[in-house]
Amino acid sequence: MIIFLSAFAWFLAHMAPSLTVGDAGELVAASSVLGVAHSPGYPLYLLLAHALQTLVPFGSIAYRCNLISALSMAAALSVLAGFWRQISALEGRRITPWLWAGLLVTVACNASVIEAAAQTEVFSLMILGALLCVYCFWTGRSLCGVFGFALFLGNHHVLLFIAPACALAAATAHPWAGLQKRRLAAIGAVLVVMIGIGLSVYAYLPVRAASGPVINWGNPDTAARFWRVFTRKDYGTFSLTTQGAESGRIKLFWLQNRRLLGSLLDKRVSRIMILLAVAGWVMALAFKRHRRLTAVSMLGFFFAGPFFLCLGNPPFDVQTQTALERFYLLPWCMAALAAPIPFLLVFSMQGRQFKVAIAGVLSMILLVAAVDVAGNNSGRTALRENLLAYDFGRNFLRSVPPSVWLFIHGGDDAMYALASLIFAEGMRPDLGSAAAPEQSKVRDRSALVFPSIYDFEFRETPKPVRERVILDKERALAGSGPVYYHTLDLGIVGEAELAPLGIVQARLDSKDIKTGSLWPFYNLRGLAGPPRAHYRERSLVPYYHYARAQRRLWERDPKGALLDFRMADKKGPDAAWLKPNLGWDLSMAGARLLYEDEPMEALAYLEAAAMLDPGEPVNAANICVALEKLGRHAQTESCYQAATKKFMEYGPLFQNQGAYLYKRGRRQQASDAFKRYYQLTHDPGALRWIR
C-alpha cells in the first residue's frame, strides 16, 4: 500500500489536467457515452473508465479518465514489487529496503512510464494486466492468470505477445507430469471456460453498437463488422499502421531491432533498468542460477519487443517512431522482471561483511542514479500545465455560432477534442449531445468518429460516388443555414469557395454566413517557445500559424502570411501533414501573386516553395519569370540555365526560356529553346519560333 500510494502521488504530480493530444479525446468521449473506440474497440478500458467517471465526484470527465492511467500504473508498480519480493522469497534471499527503493524509483522515473500514467491512454492498464498475468502464472495461480489474460485482451491485443512467457511461467510452476489424463482434461476444460468468460467483455462492442451511440467506430453490430473491428482490419491486423515497411528483408529486421534497442537505451527511457536486466541475464546464465526467471524475462522481452516489431514491420518515419515508444513499455517491463538478479547473486556470495558491503554500495548507486533520472525526467514529462488539446477544442467551440453545421475533414485532434468537449463534458448542446446522436451538428466527412449524415456505407462505396454524395448533401445544407469546415484544403467543396476565418472555414454560398476574423477570440497559450517535445504537439501547434497564414492571404496580406507560413515550418519541422500542404499553398500563392503582377512578393513565396520541394519544376519556372519581371536579367539567365539543366523533361520551362531570349533579341538561342519545347510537347505553335 505504501508503494501504491507513493507511486500514485508521484504520477498525480505529473498528470495532465484535461485532454492531451492523440487518442485521449476519443477514449474520453467513447467511455463517457459507452460507445465504441477505434479498432479493436478497447471494451475493458471503456467500461472501467465509465465506472470511474461515475464513482469519482470531482474533476472533468477527461481528468477522471487521466486518473485511470495514474491508478493503473501505480498498481502495476505494486505488482512488480510483489513479484520481486516473491522471487527473493522463493530463492531464500532478502533484498534491502535501499535496493527496493532504488529499483522502484528507477521504474517510476522512466519517462515513458510517466507519460503513460499522466494522460488518458490504454497503455498503463496494459502494463498492469501484463504484470498481473505473469505474477499469477509465476506463483501457480494459473486459473486466475488465464482469466486475467483473456480479460485484459479486452484492453489491448499486444498482450498476446507475452503469452509464451506466461506459458513458460505456468509450466514451470506446476508438477504437470504427475497428473492423470482425466485430471489434465478437466483442467483444460476449466481453462477454456475461463478464457471464454474473460473474452466475453468483447460482447460489449455489438451490444453498444446496436444502440447507436454517438461514438461508434466501425459500427460492429453485425458479425462481419465486429470481426473487422476485433481484428483491426482497417489497420492491417498485424501492422501497427495502415502502411507497413517493406517486409521479407533481413536488413529491415536488423533496422527494427536497432530502433528498439536505441530507444530503450535513449535518455528518454531509463536505461538503468534495461542494463540491470541484461546484466542479470548474463550472470544467471554464467552462474546457472535463477534460470526460470531469466527464461521468462527473456522470452517476454523477445516476443513483446523484437518479434513484435519484425511482425508489424512499421515504417521508419518520426510519426511512427513516436507512436512506438508507448509499445516499448511492455518489453521494457518484461526485462525489468530480471533486474534484481545481479543483487540476488551478490547476496549469495560467501562472507557476510563482503556481501553486505557490496550490496549496500550497489543499492546506494542505484538509488542515486534513480533520483538523478527522476530529476532529469520530471520536468520533461510533467503534463500538469499542458492544455494545448483542450484549448484547441475550446477554440473550435468559440469559432461557430449556435446550431450551425461543422464538418471535420481530417485531423484526429480536432475530431477527438470536439467529441470529448461536446459529448462527454456536455459543452455546446446546440451542436450535439450523447442522448440524440442523429441530431449532432458536428460531423466528420469520413463518417468514422461521428454518426454519418451521408446515407452510404463508407467502406463499401466507391470513392467517386462518396464524393458526389458528400458534395450534394453539404450543398443542400448550405441553402438552409451557415456551414463551416475544418480543413487544410480550401477547395474541397467543389464550385463553392471557403473563406478562412480562423481554425475553421466558412462556406461562402451558405445562407447568413459572416466572414469576420476569429483570431481575436482564441486562447493561444502554449504556442510560444521552441518546438514541442511530443510529435503530436509539434503537429498541432503549426496548424494555428498555417490557418492564420491562409486568413492573411485571404485578406491580401502576403507579407504577414509568409511570416506565419515560415513560423509553421519552424514549429513543426517534422510534421507529416505540413510539408506537402505548405509547399502547395506557397506555390499557388506565388503563382497568383505573379499573375497579379506582384513579382517581389511572388519571388519570396516561390523561393520558399522551392526550398520545401526542390523537385517541383513549376516553382523553378515561376522563379525565373519573377526575376524577369523584376528586371534582374543576369539572375534570370542563370535561373533558366540551372533550371533547364535540372528539369530537362519539363516543356513549359523551355517555352518560357525561349520567350525570354526572343525578347532579349537572342533569336538563335530562343530557337534552340523552342526546339526543345517542341520535342517534349509537339505543340505546333512552337514551329513559328523555330528557324
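Residues numbered from 1 in each chain as written. Predicted model: local features only at pLDDT ≥ 70, side-chain atom pairs only at ≥ 80, totals over all residues. Heavy atoms only, no water.

### Here we look at the packing of helix α24 (residues 535-554) against helix α25 (residues 558-571)
Each packed pair of helices is defined by two parameters, the angle between the axes and the distance between the axes. Where we set the bar: In this description, a line fitted to the C-alpha atoms serves as the axis of each element, helices being fitted only across the stretch in contact, and the angle between N-to-C directions of two axes falls anywhere from 0 to 180 degrees. A helix here means a DSSP run of H or I that spans at least four residues, while a strand means a run of E at least two residues long, and both kinds are numbered starting from the N terminus. Working rule for angles: under 35 degrees goes down as roughly parallel, over 145 as roughly antiparallel, 65 to 115 as roughly perpendicular, anything else as oblique. Two residues form a contact once any of their heavy atoms are found within 4.5 Å. Three classes are used, and their members are as follows: Ala, Val, Leu, Ile, Met, Phe, Trp, Tyr, Cys and Pro are nonpolar, Asp, Glu, Lys and Arg are charged, and the others, Gly among them, are polar.
Between α24 and α25, the least distance of the axes is 8 Å, while the angle of their chain directions is 170 degrees. Looking at the two axes, α24 sits roughly antiparallel to α25. On α25, the residues that touch R538, V541, P542, H545, Y546, R548, A549, R552 and L553 of α24 are P558, G560, A561, D564, F565, M567, A568 and K571. When its residues are assigned to classes, the contact of α24 with α25 shows 10 nonpolar, two polar and five charged.

### A look at unusual backbone geometry
As a reminder, the rule being used: Exposure is judged per residue with a 1.4 Å probe applied to protein chains only, and the accessible area is read against the type maximum: over 50% gives exposed, under 20% gives buried, and values in between give partly exposed.
Residue P40 follows S39 across a cis peptide bond; omega there is 5 degrees. Considering the arrangement of structural elements, one finds P40 in the loop between α2 (24-33) and α3 (43-55). Even without being glycine, R232 reaches a positive phi, approximately 55 degrees. Following the sequence through the fold, R232 ends up in the loop between α12 (223-230) and α13 (250-264). Among the residues examined, R232 registers a relative accessible area of 15% and is labelled buried.

### Comments concerning the pairing of strand β3 (residues 483-486)
Where a strand is regular, its side chains alternate between the two sheet faces. To keep it simple, the criterion reads: Strands qualify as paired when DSSP identifies two bridges or more between them.
Of the two faces of β3, the one carrying V483 and Y485 and the one carrying Y484 and H486 are both buried. Relative to β3, strand β1 (residues 405-408) runs parallel, the two sharing four bridges. The residue of β3 that forms the bridge with F407 is Y485. Judged from the two bridges that link them, β3 and strand β5 (residues 505-507) form a sheet pairing that is antiparallel. Residue pairing across strands places Y485 opposite Q505, the latter belonging to β5.

### Remarks on the sheet that holds strand β4 (residues 498-500)
The strand order across the open sheet built from five strands is β2-β1-β3-β5-β4, with neighbouring strands paired in mixed fashion. The open sheet has two edge strands, β2 (442-444) and β4, and neither has a second partner. Between one strand axis and the next, the sheet turns by 30 degrees as a mean value, whatever way the strands run. Bridge count for β1 against β2 is three bridges, and the pairing is parallel. In the sheet register, L406 faces β2, and the bridge partner there is V442. Lying on the sheet, helix α22 (residues 412-424) is in contact with β1, β2 and β3; it crosses β1 at an angle near 140 degrees.

### Some details on the packing of aromatic side chains
To keep things clear, this is the line we draw: Only Phe, Tyr and Trp rings take part, Trp by its six-membered ring, and two of them pair if their centres are within 6.5 Å. Stacked means planes under 30 degrees apart, edge-to-face means over 60, and tilted covers everything else. Cation placement over rings: the criterion is NZ of Lys or CZ of Arg within 6 Å of the ring centroid and within 35° of the ring normal.
What the rule picks out here adds up to 26 aromatic pairs. Between F161 and F308, the aromatic rings sit 5.1 Å apart at their centres with planes inclined by 80 degrees, giving edge-to-face as the arrangement. With F161 in the loop between α8 (142-152) and α9 (163-171) and F308 in helix α16 (residues 306-312), this pair connects stretches of sequence that are 147 residues apart. In terms of burial, F161 and F308 fall into one category: buried. Taking the centre distance of 5.9 Å and the plane angle of 15 degrees together, the rings of F226 and F230 count as stacked. Pair noted here: F226 and F230 are both in helix α12, with a separation of four residues, about one helical turn. Aromatic rings pair up to connect F392, F396, Y543, Y544, Y546, F565, W577 and Y605 into one cluster. A cation sits over an aromatic face here: R292 above W138, 3.8 Å from the ring centre.

### Some thoughts on the pattern of salt bridges
Quick note on the threshold: Any Lys or Arg side-chain nitrogen located within 4 Å of an Asp or Glu carboxyl oxygen qualifies as a salt bridge.
Throughout the structure, instances matching the rule amount to 19 salt bridges. Measuring nitrogen to oxygen at the nearest pair gives 2.9 Å for the salt bridge that ties D430 to R428. Here R428 falls in the buried class, since its relative accessible area comes to 19%. Notably, a salt bridge pairs D564 with R548, separated by 3.1 Å at the nearest N-O pair. Pair noted here: D564 is in helix α25 and R548 is in helix α24, with a separation of 16 residues, a long-range link. Take D564: its relative accessible area is 3%, and that puts it in the buried class. With relative accessibility at 23%, the residue R548 sits in the partly exposed group. The network of salt bridges with common partners includes D472, R475 and E495.

### A short note on the pairing of β1
Worth spelling out the cut-off: We call a crossover right-handed when, viewed with the strands running away from us, the connection from the first strand over the helix to the second turns clockwise.
Of the two faces of β1, the one carrying W405 and F407 and the one carrying L406 and I408 are both buried. One crossover worth recording links β1 to the parallel β2 by way of α22, and it is right-handed.

### Side note on helix α31 (residues 667-681)
Given 3.6 residues per helical turn, the α-helix brings residues three or four places apart onto the same face. This is how the line gets drawn: What a helix should span is 1.5 Å times the count of its residues minus one.
For α31, spanning 15 residues, the distance from its first C-alpha to its last is 21 Å, which sits close to the expected 21 Å at 1.5 Å a residue. In this structure, the buried side of α31 is in contact with α30 (651-663).

### Observations regarding the nonpolar core
Just so we agree on the cut-off: Here, nonpolar core refers to any group of buried Ala, Val, Leu, Ile, Met, Phe, Trp, Tyr and Cys residues whose side-chain atoms link them within 4.5 Å.
If you look at the biggest cluster of nonpolar residues, it comprises 187 residues, and the most contacted ones within it are F11, Y45, W84 and I162. Among the elements that line this core, the one with the most residues is helix α4 (residues 61-90), at 17 residues. Counting residues in each nonpolar core, the second largest holds 13 residues, with I453, A478, A496 and L498 among its members.

### Considering the side chain of N313
Stated precisely, the cut-off is as follows: Distance and chemistry together define a polar contact, namely a pair of N or O atoms within 3.5 Å, with one atom able to donate a hydrogen and the other to accept it when in protein, and with adjacent residues in sequence counting only for side-chain atoms on both sides.
Among the structural elements, N313 can be located in the loop between α16 and α17 (318-327). Taking the relative accessible area as the measure of exposure, N313 reaches 3% and is therefore buried. At 2.8 Å, the side chain of N313 and the side chain of Q256 are in polar contact.

### A closer look at the side chain of R443
This is how the line gets drawn: For the purpose of counting charges, residues Lys and Arg are taken to be positive, whereas Asp and Glu are taken to be negative. His and the chain ends are not included.
Its place among the elements puts R443 in strand β2. Despite its burial, R443 pairs with no opposite charge; the closest candidate is E438, at 7.4 Å N-O. Looking at R443, its side chain comes within polar contact range of the main-chain oxygen of S440, at 2.9 Å. In this structure, R443 is in contact with W405, L406, F407, I408, P437, E438, F450, P451, S452 and I453, ignoring residues within four places of it in sequence.

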